[in-house]
Amino acid sequence: MDILLAISIMALGAVVLGALLGFAAIKFKVEGDPLVEKIEAILPQTQCGQCGFPGCKPYAEAIVNGEEINKCPPGGAEGVQRLADLLGREVKPLDAEEKPKQVAIIDENTCIGCTLCIQACPVDAIVGAAKQMHTIIAPQCTGCELCLPPCPVECIRMEVIPETIDNWKWKYPVVEIKAAA
Amino acid sequence: MFAPAPFLLKDVSVSQVMIQVCVALIPGIAAYASLVGPAILVQLVIATLAALIAEAVMLKVRGKPLALFLTDGSAIVTAWLIALTFPPLAPWWLVVTGTVFAIVVAKQLYGGLGQNPFNPAMVAFAICIVAFPALMSQWPSVGLQLSLIEQMNIILGWAPRVDALSGATPLDAMKTALKLGDGSFDVATLLANQDIYGNFAGRGWEWVAAGYLLGGLWLWHRKLITWHVPLAFIASLTLVSGALWLYNPAQFASPLFHILSGGAMLGAFFIATDPVSGCTTPRGKLIFGAGCGLLAYIIRVFGGYPDGVAFAVLLMNLSAPVIDLLTQPPVFGMKDKA
Amino acid sequence: MLMNLFKFKGGVKPPSNKLQSNHLPIAQAPMPSRLVVPLHQSIGGTPRPVVEAGDKVLKGQVIGNADGWISAAVHAPTSGTVLEVAMHIRPHPSGLDSLCVVIEPDGKDKWITRTPIDHKAVPPADVFHHLQQCGIVGLGGAGFPAHGKLTPTKGVPMDELIINGAECEPFITCDDLLMRERAEEVVRGIALFRDLLQPKTVIIGIEDNKPEAIAAMRAAVDAQKEPFSVVAVPTLYPAGGAKQLIRVLTGKEVPGSMRSTADMGVQVFNVGTAYSAWRAIAHGEPLISRILTITGNVHAPRNYEVLIGTPMGELLALAQPHPDTDGILMGGPMMGFLVPNPQVPVVKTTNCLIAHDDRLFPPKAPEMPCIRCGACARACPHELQPFEMYWFSRAKNFGKTQEYNIFDCIECGCCSYVCPSRIPLVQYFRFAKSEIWAREREKNASDQAKTRFEFKQLREEREKADKAEKLAKAAAAQAAKKAAEAAAAAAESSASPTPDAPTAPLVAATTDAPSATVTPENDAKRATIEAAMARAKAQREAVQPKNTESLTAEQQKVAAEIEARRVTAHLIEPEPAAPAPTSEKPE
Ligand code: SF4
Ligand code: SF4
Ligand code: SF4
Ligand code: SF4
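Conventions and cut-offs
- Residues numbered from 1 in each chain as written.
- Chains lettered and ligands numbered in written order.
- Predicted model: local features only at pLDDT ≥ 70, side-chain atom pairs only at ≥ 80, totals over all residues.
- Heavy atoms only, no water.
- Near = heavy atom within 4 Å.
- Nonpolar A, V, L, I, M, F, W, Y, C, P; charged D, E, K, R; others polar.
- Axes fitted to C-alpha atoms, helices over the stretch in contact; angles between N-to-C directions.
- Helix = DSSP H or I, 4+ residues; strand = E, 2+ residues; numbered from the N terminus.
- Parallel < 35°, antiparallel > 145°, perpendicular 65-115°, else oblique.
- Contact = heavy atoms within 4.5 Å.
- Buried < 20%, exposed > 50% of the residue type's maximum accessible area, 1.4 Å probe, protein only.
- Lys, Arg positive; Asp, Glu negative; His and termini not counted.
- Salt bridge = Lys/Arg side-chain N within 4 Å of Asp/Glu carboxyl O.
- Polar contact = N/O pair within 3.5 Å; in protein donor to acceptor, adjacent residues only side chain to side chain.
- Pairing = 2+ DSSP bridges.
- Expected span 1.5 Å × (residues − 1).
- Arc of directions from axis to C-beta.
- Domains from an automatic or database assignment.
- Buried area = accessible area lost by both parts, 1.4 Å probe.

Novice: Run through the site of ligand 2, naming residues and quoting values.
Specialist: Surrounding ligand 2, one finds 13 residues, the nearest of these being A:C111, A:C114, A:C117, A:H134 and A:C151. Across the shell around ligand 2, the residue classes tally to ten nonpolar, three polar and no charged.

Dropping the structure here:
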């Protein structure tokens, strides 16, 4: 009798807890895959496709599914490092050359207004209308270089963003301890 | 490359700090030497040499600048603390083993100066007392008057380790006696045995402790240590020993005895105040010091080892990061919000 | 003075080195051969240049207009000709250039017409505007436009107005001399600030190592019968930090996160700011010169009144630097920096030039590991844990540095000063802070890029969907038409009198033209799928730049045509018109 009672109490408890957990799972369901979002937060959102995926989100999804973490050149070595920290994976050298951040500039004398670059720009950073001169909104430009190939007159070039007083950074202090002679 | 501000720097350096710590140890060493004989000076030399050589080798291996780190003096402080906590007539190889272990394993393998989570000297003490319990408990009997030559022969192993060596520290002797537990001894009768116990804490030991206290106060005056750790250490030791002493004065020695004997004073001012392995926040230091005092008492009275300071400090080293994290002081302007 | 002073924790006492330069009166620096006036001299928007090369300017004429509310105008320091408006090196630790107006003095030093105003007679808004037009900014440190700080904060009554004459940095004596020699005008300036801010009390804090300045200020306050208290504060660096001075004089602690001290009912102004504000109001003089200490490794250290824009090298020569001088330090030795070269001009916030040499400022000993001695934490006036921040800055673990309140650090340098391991702690903190800022900028940019990208995708999808819908509709219409035709045909051919004949056309209709009833939907679905596939393909192609050749075949023709037209119209040289896919790009 006692045993039965004990068992039924345990069973009841199990049912109640199970129901609670199930309810909580529905109620507090996390929308989407938080890991993909976390990875996306690290990716630079340049949307350049250099990783071999059409944009940063697809690459983030691919990383979750086991893709290497060292394929995003705009993210640089630091991006790889942060992805490795997030995912607990090994740090790998970047699978490409690291470039300084750049911005695209249209040579406005040459532009024929064909609008091809507008279609290529992933972030709508180019303004212009058919047969009219186009120009790039520099602060919106991610430096993805996707507008370069479509331009029939090759009037778009990339320029390294120059260091100014506003974006200047203090350098990492030189560690002065030299190795023993 | 532009040199960064500030362009003025106070005239301080790590080696200055370490040298001052050594200077502060001198009164204690003097008292100690007059108590147990000049052997202790020999031990200091042996430990210092061993520490410097071990440090040099390790720096070389790790590719660090020799001149810079050998002169920082931290190895010397470690060596001196080892020499002062080991039995004064311990064989030379024991001291060397302890020192080398302290420098190589407890310090350099963790990354060298500033990176060691445990106090190297105390690691050495703990390792040696576990590995060589007999040798580490052999203290010269008080009143054993040996010449420097005789002492050196013992240390260097050229003379047999005579029975006179197998004495114990007053602390150990008292514990052993009380541990017999048949009630045949009590604190009063033991202390009446003036041979070992002296007036308060064993003949001569109170002078050693006073020497350390003097040096410690000087360090505090020089602002090289803060009052938190020593005060908390001594206060907590006083409190627990006092409470138990009031409860049963026959079985438990007085607070004065505890403060002045063994490594309490050395620990409070020179070992527990080691900044690298200790706490850094003011409240953290209080907790750290109090913990050391409490654990030292528990281990020395109820544990199996002659003194508990080393283990107490190591245990508190272990918890120092957590204590620091939990005792972060509020920053300027945030006091009422914290 | 019967005043209850408070203490701030930490602080250091570096050798003050003020006696060298404070025994001589302020001298007028000679007119330099060339003035280089940077446009950006204060916090906030960079003033827009309103002159061009070749323009003649008068002394005090506006050459840069304030850009926005938090910004202040910039003026020609003397009369002469504008040589150029160009990028020149600016006194900033980066050594980078910024836009400057270069003026060649004509030697006449001819003023524009100056318009004093009566601040009691006009509304405060006019006074603020006048101060902004006169380019009055804080002369103590960062150079915050004064009118911005004088605007009362809504909802917080102003309790104390604090005038900062502490001048806690070693070597600097310009405020000391200003108070000694021009106390009267300083006090009038303070009264002006008082009238604008309406505080309950006004306290002038001066470090007790300047007894002459304290006496002069007291005398001036008494002479003008103002209820200001002049308080000697203990000499302890950084007592002149705004938040430290507030703490010492009022006991209030303004948290590091609070942007403006006005939120706590306190406002702090430098004595120099009060002086120049008064000159602007009473004489209509804009801020075109300032008092500056020249000291350090020189024969004749002294304070000079100097035109903004004077090259620092020329000034230093006045004090006859010793030959072993190897650099110029702008600001004090605790928070200043070595200027990149002697051509750098004096700006509104330049309070001191120190000739640098190895005797006064010995080269730093090598950095050792932190021994966690806690000296830095005891010295930090903001009660931070510098060694923890150092540890995490060094490891570039910036999140952790923020947990240890790195943004509360005022970069005063006390921690570096006391560190026995000679760790350039402040340098690490600056590095960490600017990294964190850069990351924030990058994060914002990438967030923006992301939303824009997603929006573009959405828009493309919508366009495709619209197209697909149109296609589907057309297909459905066609199918319906077909079905109707088929049905009609079936009806016609159902002449056979079999009883089960009626089923045949039905079957035929359903099998023959499945789209008749069910499929418009189906078709639409297929169209969407196709559209999606096309999109995927397009995207795939988009990442492979090869596609462009095939894609642009037609377009290239168009382009070539347009190009040809443009060439004929002599719009461009014909050379870059060739749409060859070579990688040569127009410069
Ligand atoms: S390579 Fe380009 S598209 Fe791919 S993740 Fe990096 S920034 Fe995004
Ligand atoms: S692709 Fe080239 S030519 Fe065409 S609009 Fe863009 S910049 Fe002008
Ligand atoms: S520089 Fe920053 S961390 Fe260092 S003492 Fe000053 S406020 Fe504190
Ligand atoms: S003063 Fe220097 S050595 Fe001491 S704790 Fe601070 S950073 Fe470390």
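Novice: Which residues make up the packing of helix α4 (residues 74-85) of chain B against helix α15 (residues 264-271) of chain B, and what are the values?
Specialist: Residues and elements named next belong to chain B. It is the contact of α4 with α15, at a shortest axis distance of 12 Å, that shows an interaxial angle of 170°. When the axes of α4 and α15 are compared, the pair comes out roughly antiparallel. Within the contact between the two elements, α4 uses L81, L84 and T85 and α15 uses L266, F270 and I271. Tallied by class, residues from the contact of α4 with α15 come to five nonpolar, one polar and no charged.

Novice: Please give an account of the side chain of C:R290 that cites residues and values.
Specialist: Residues and elements named next belong to chain C. Topologically, R290 is positioned in strand β13 (residues 289-296). No salt bridge is formed by the buried R290, whose closest oppositely charged neighbour, D175, lies at an N-O distance of 5.0 Å. One polar contact links the side chain of R290 to the main-chain carbonyl oxygen of T350, over a distance of 2.8 Å. In this structure R290 touches L139, C174, Y304, E305, V306, I308, V347, K348, T349, T350 and N351, once residues within four positions along its chain are discounted.

Novice: Break down the sheet that holds strand β12 (residues 266-270) of chain C for me, with residues and values.
Specialist: Residues and elements named next belong to chain C. In space, the four strands of this open sheet follow the order β11-β10-β9-β12, with parallel pairing throughout. Each edge of the sheet is formed by a strand with only one pairing partner; in this case those strands are β11 (229-233) and β12. Across the sheet, the axes of successive neighbouring strands diverge by a mean angle of 25°, strand direction being ignored. With six bridges joining them, strand β9 (residues 160-165) and strand β10 (residues 201-207) adopt parallel strand pairing. Counted as the bridge partner of E160 is T201 from β10. The sheet strands contacting helix α4 (residues 183-197) are β9, β10 and β12, and the helix crosses β9 at an angle near 155°.

Novice: Tell me about the sheet that holds strand β3 (residues 48-49) of chain C, and please be specific about residues and values.
Specialist: Residues and elements named next belong to chain C. Read from one edge to the other, the open sheet built from three strands follows the order β3-β5-β6, with strand pairing classed as antiparallel. Each end of this open sheet is capped by a strand with a single partner; those strands are β3 and β6 (74-75). As defined by bridge partners, strand β5 (residues 62-65) adjoins β6 across two bridges and the pair is classed as antiparallel. Bridging across to β6, V62 finds its partner in H75.

Novice: Could you give an account of the environment of C:R194, naming the residues involved and the relevant values?
Specialist: Position of C:R194 relative to the elements: it lies in helix α4. Spatially, the C-alpha atom of C:R194 lies 10.0 Å from that of C:I162, the residues being 32 residues apart in sequence.

Novice: Explain helix α4 (residues 76-87) of chain A to me, and be specific about the residues and the numbers.
Specialist: Residue and element names in this part refer to chain A. Between the first and last C-alpha of α4 there are 17 Å, a value that for twelve residues agrees with the 16 Å anticipated at 1.5 Å per step. Residues G76, G79, V80, L83 and A84 constitute the buried set of α4. The arc that holds every buried residue of α4, seen down its axis, measures 140°, which confines them to one face. The elements touched by buried residues of α4 are α2 (34-42) and α3 (56-64). Two residues or fewer after α4 comes G88, characterised by a positive phi angle close to 70°.

Novice: Explain the site of ligand 3 to me, and be specific about the residues and the numbers.
Specialist: Residues and elements named next belong to chain C. As a structural note, the neighbourhood of ligand 3 is formed by 13 residues, with C380, C409, C412, G413 and C415 the closest of them. Only α10 (386-394), α12 (414-418) and α13 (425-493) provide two or more residues apiece to the shell around ligand 3. Looking at the shell around ligand 3 residue by residue, the class counts come to eleven nonpolar, one polar and one charged.

Novice: How would you summarise the domain arrangement of chain B if you had to cite specific residues and measurements?
Specialist: All names here are of chain B. Taken domain by domain, chain B consists of domain 1 (13-167) and domain 2 (176-324). Each side of the interface is counted separately: domain 1 has 30 residues, and domain 2 has 28 residues. Regarding the contact of domain 1 and domain 2, the summed buried area is about 2500 Å², with carbon and sulfur atoms giving 79% of it. Interface area lost by domain 1 to domain 2 is led by Q20, N119 and M122, which between them contribute 20%. In this assembly, domain 1 and domain 2 are joined by zero salt bridges. The interface formed by domain 1 and domain 2 holds three residue pairs in polar contact (both at pLDDT 80 or more) in total. Contributions of two or more residues to the side of domain 1 that touches domain 2 are made by α1 (14-36), α4 and α6 (120-131). Per-element accounting of the side of domain 1 that touches domain 2 gives the leading share, twelve residues, to α1.

Novice: Could you give an account of helix α12 (residues 205-221) of chain B, naming the residues involved and the relevant values?
Specialist: Residues and elements named next belong to chain B. Its 17 residues give α12 an end-to-end C-alpha distance of 24 Å, which sits within 8% of 24 Å, the value for a rise of 1.5 Å per residue. Among all positions in α12, only W205, E206, V208, A209, G211, Y212, G215, G216 and L219 are buried. At the exit of α12 stands K223, carrying a positive phi of roughly 65°.

Novice: Now, about the domain arrangement of chain C: what can you tell me, with residues and values included?
Specialist: Residues and elements named next belong to chain C. In terms of domains, chain C is made up of domain 1 (119-356) and domain 2 (374-481). One C-alpha centre belongs to domain 1, the other to domain 2, and the line joining them spans 35 Å. Facing the nine residues of domain 1 at the interface are eleven residues of domain 2. The largest per-residue losses of area from domain 1 upon contact with domain 2 belong to Q244, M334 and M335, which jointly make up 52% of the total buried on that side. For the pair domain 1 and domain 2, the number of links is zero salt bridges. Between the two partners, domain 1 and domain 2, sit two residue pairs in polar contact (both at pLDDT 80 or more). Here the side of domain 1 that touches domain 2 is built from residues that sort into four nonpolar, three polar and two charged.

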